[in-house]
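Each chain is listed here by its residues.
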Amino acid sequence: MWCKYSFITSVSLSLALLVTGCENKTSQCQRLIQVVNEGNALIDQNKGKQAITSLQLSKDLEAIDTALEELKLADPKLKEYQSRFQKVFDNLSQAIAKAAKALAAAKTAEASPTGREKIKKARTEIDTALTAAAKTAGKESDTLMNDLNKHCSQSE
């Protein structure tokens with residue numbers, strides 16, 4: 001009886017190692033693209049939202065960054081794309097968080113010369129943080145996605 005369980009355990013372990021160790025490039029590509037698409041969908045869903053939502057978006061993008069980090073990819077080129085997408089989502093998350101904090105600060109500003117200066121400063125911070133980050137992230141993400149699709153469509 002013990003020998004039977006030992007054999008089953010050995011076979012199960014071998015199959016598990018075989019399945020995870022032999023994952024092909026196509027399935028690795030699919031996993032990477034899935035996580036990147038989830039991040040892009042979050043961005044699309046939250047365009048133009050207020051500060052609290054933006055802070056949540058920043059946190060959600062951090063979670064995407066973590067999900068990317070946790071992908072176990074064997075293909076060296078896919079690892080490179082993984083790392084580059086992480087940087088895109090990380091930079092965008094930080095810019096959104098900075099803009100959300102500036103917007104929140106502007107909302108609490110008093111109707112006074114000091115308050116108006118606070119609003120002006122917040123508006124500049126928002127414009128600087130989001131405009132530059134969004135433009136850079138968008139271009140980088142598009143380029144990366146095109147390159148990733150080319151790499152993934154090549155035969156193994």
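Provided above is the structure to which this section pertains.
**Describing the overall build of the protein chain**
Reasoning step 1: The number of helices and strands found in the protein chain is 5 helices and 0 strands.
Reasoning step 2: Listing every helix and strand of the protein chain by position from the N terminus yields α-α-α-α-α.
Reasoning step 3: Taken over 156 residues, the protein chain has a buried fraction of 34%.
Reasoning step 4: Considering only intrachain contacts with a sequence separation of at least 6, the fraction spanning at least 24 residues in the protein chain is 76%.

**Focus: the state of the cysteines**
Reasoning step 1: Counted according to the given criterion, the structure contains 1 disulfide.
Reasoning step 2: Disulfide partner of C29: C152, at an S-S distance of 2.0 Å. Taking the sign of the S-S torsion, about -95° here, the bridge from C29 to C152 comes out left-handed. Of the two residues, C29 is situated in helix α2 (residues 25-45) and C152 in helix α5 (residues 113-153); the sequence distance between them amounts to 123 residues. Here C29 matches C152 in class, with each residue buried.

**Remarks on the side chain of S141**
Reasoning step 1: Tracing the backbone shows S141 in helix α5.
Reasoning step 2: Apart from residues lying up to four places away in sequence, S141 is in contact with N40, F85 and V88.

**Concerning the nonpolar core**
Reasoning step 1: L32, L61, L68, L78, F85, F89 and L148 are the most contacted members of the largest nonpolar core, which totals 27 residues.
Reasoning step 2: The leading source of residues in this core is helix α4 (residues 76-107), at 8 residues.
Reasoning step 3: The residues contacting F85, other than those within four sequence positions of it, are V36, L68, S141, L144, M145 and L148.
Reasoning step 4: By size, the runner-up hydrophobic cluster in this structure holds 5 residues, among which are A99, A106, A122 and I126.

**Observations concerning α2**
Reasoning step 1: The end-to-end C-alpha distance of α2, which contains 21 residues, comes to 30 Å, matching closely the 30 Å that a straight helix rising 1.5 Å per residue would cover.
Reasoning step 2: Restricting attention to buried positions, one finds in α2 the residues K25, S27, Q28, C29, L32, I33, V35, V36, G39, L42 and I43.
Reasoning step 3: Two to three positions downstream of the cap, the backbone nitrogen of T26 sits 3.2 Å from a side-chain oxygen, assigning the N-cap of α2 to N24.

**Here's the deal with the environment of C152**
Reasoning step 1: Assessed through its relative accessible area of 16%, C152 is described here as buried.
Reasoning step 2: Each C-alpha atom of the pair C152 and K77 lies 9.9 Å from the other, and the pair is 75 residues apart in sequence.
Reasoning step 3: In this structure, C152 is in contact with K25, C29, I33 and L78, ignoring residues within four places of it in sequence.

**Let's talk about the environment of E69**
Reasoning step 1: If you trace the backbone, E69 turns up in helix α3 (residues 51-70).
Reasoning step 2: Measuring from C-alpha to C-alpha, the distance between E69 and Q86 comes to 7.3 Å, with 17 residues separating the pair along the chain.
Reasoning step 3: Setting aside residues up to four positions removed in sequence, E69 forms contacts with Q82 and Q86.

**Let's talk about the pattern of salt bridges**
Reasoning step 1: The tally for this structure, following the rule as stated, stands at 3 salt bridges.
Reasoning step 2: Ionic pairing is found between R84 and E80, a salt bridge with its closest N-O pair at 3.5 Å. Here the residue R84 and the residue E80 both occupy positions in helix α4, the gap between them amounting to 4 residues, near one helical turn.
Reasoning step 3: With a relative accessible area of 34%, E80 lands in the partly exposed category.
Reasoning step 4: Two residues, E140 and R84, come together in a salt bridge whose shortest N-O distance is 3.4 Å. Taken together, the residues span a long stretch of sequence, with E140 in helix α5 and R84 in helix α4 at a distance of 56 residues.

Calculation rules
Residues numbered from 1 in each chain as written. Predicted model: local features only at pLDDT ≥ 70, side-chain atom pairs only at ≥ 80, totals over all residues. Heavy atoms only, no water. Helix = DSSP H or I, 4+ residues; strand = E, 2+ residues; numbered from the N terminus. Buried < 20%, exposed > 50% of the residue type's maximum accessible area, 1.4 Å probe, protein only. Contact = heavy atoms within 4.5 Å. Disulfide = S-S within 2.5 Å. Core = buried A, V, L, I, M, F, W, Y, C linked by side-chain atoms within 4.5 Å. Expected span 1.5 Å × (residues − 1). Polar contact = N/O pair within 3.5 Å; in protein donor to acceptor, adjacent residues only side chain to side chain. Salt bridge = Lys/Arg side-chain N within 4 Å of Asp/Glu carboxyl O.

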